[in-house]
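Examination of the molecular architecture
If you want the building blocks of each chain, they are given just below.
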Amino acid sequence: GSDSPPLAFVALPRTSFPAGAVAFCEDSLLMATASTGCLLGSLTEEGIAVWHYGGPRADAVILPFESGRPWQSLAGALMRCDDLAVQAAVPRAGAERCLVLVGWDGERLPLAVIPLSNVTDLRNGIPSGAAVRPRADAPLPTAVG
């Protein structure tokens, strides 16, 4: 048995999402409101822009891609770092929450984890030098024929 609550879907207003943005939310039971329990993100030429749900995109923090093929699409979630199977490979520096990012690069699904020491203050909560460094990936078979 796990101590984690079951996952649940919570609808967020479509008008709150700029074009091309995706939501990175915590479990709905931990989330008081979308504005405190969610971040938004989008792919940029430099990496992934991350900002608070309901806040201006101009306040985004850019997480640069360290290497690899450019991501074509993006998904993610905010999770307790202790709940991650890949936690040993992630330098946490005391972070309680981690931003888990999954992309599609045309061949694989790379997974990257960014520890967040402060979710409400991204500029100070993201470690200095943080970058999108895939820790694992899943290859997908290509269609034949």
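Each remark here, short or long, concerns the structure printed above.
Residues numbered from 1 in each chain as written. Predicted model: local features only at pLDDT ≥ 70, side-chain atom pairs only at ≥ 80, totals over all residues. Heavy atoms only, no water.

Moving on to the state of the cysteines. Taken as a whole, this structure holds two disulfides when the rule is applied. The disulfide partner of Cys25 is Cys38, and the gap between their sulfur atoms is 2.0 Å. Every disulfide takes its handedness from the sign of the S-S torsion; for Cys25 and Cys38 that torsion is 105°, giving right-handed. One end of the pair, Cys25, is in strand β1 (residues 22–25); the other, Cys38, is in strand β2 (residues 38–43), with 13 residues separating them in the sequence. When its relative accessible area of 1% is taken as the criterion, Cys38 is described as buried. (Disulfide = S-S within 2.5 Å. Helix = DSSP H or I, 4+ residues; strand = E, 2+ residues; numbered from the N terminus. Buried < 20%, exposed > 50% of the residue type's maximum accessible area, 1.4 Å probe, protein only.)

With respect to the element layout, Glu26 can be found in the loop between β1 and α1 (34–37). Within the structure, Glu26 has its side chain in polar contact with the side chain of Arg97 (distance 2.5 Å). (Polar contact = N/O pair within 3.5 Å; in protein donor to acceptor, adjacent residues only side chain to side chain.)

What follows covers the nonpolar core. Leu63, Leu99 and Leu101 are the most contacted members of the largest nonpolar core, which has 19 residues in total. If you list the elements that add at least two residues to this core, you get β3 (47–52), β4 (61–64), β5 (73–80), β6 (97–104) and β7 (108–116). A per-element tally of this core places β7 first, with three residues. Cys38, Leu40, Ala49 and Tyr53 belong to the second largest nonpolar core, which has seven residues in total. (Core = buried A, V, L, I, M, F, W, Y, C linked by side-chain atoms within 4.5 Å.)

Let's shift gears to the pairing of β6. Most of β6 is tucked away, with six of its eight residues classed as buried. Summarising the sheet, β5 and β6 pair through eight bridges and their orientation is antiparallel. Paired with Gly76 across the bridge in β6 is Leu101. The sheet contact formed by β6 and β7 spans six bridges and is antiparallel. For Val100, the partnering residue across the bridge sits in β7 and is Val113. The hairpin turn running from β6 into β7, its antiparallel successor, is three residues long, and Gly106 in that turn takes a positive phi close to 100°. (Pairing = 2+ DSSP bridges.)

One open sheet accounts for four strands, arranged β1-β2-β3-β4; its pairing is antiparallel. Looking at which strands have only one partner, the edges of the open sheet turn out to be β1 and β4. On average, each strand axis in the sheet is tilted by 30° relative to the strand beside it, whichever way the strands run. One ladder, built from four bridges, connects β1 with β2; its direction is antiparallel. Counted as the bridge partner of Val22 is Gly41 from β2. (Axes fitted to C-alpha atoms, helices over the stretch in contact; angles between N-to-C directions.)

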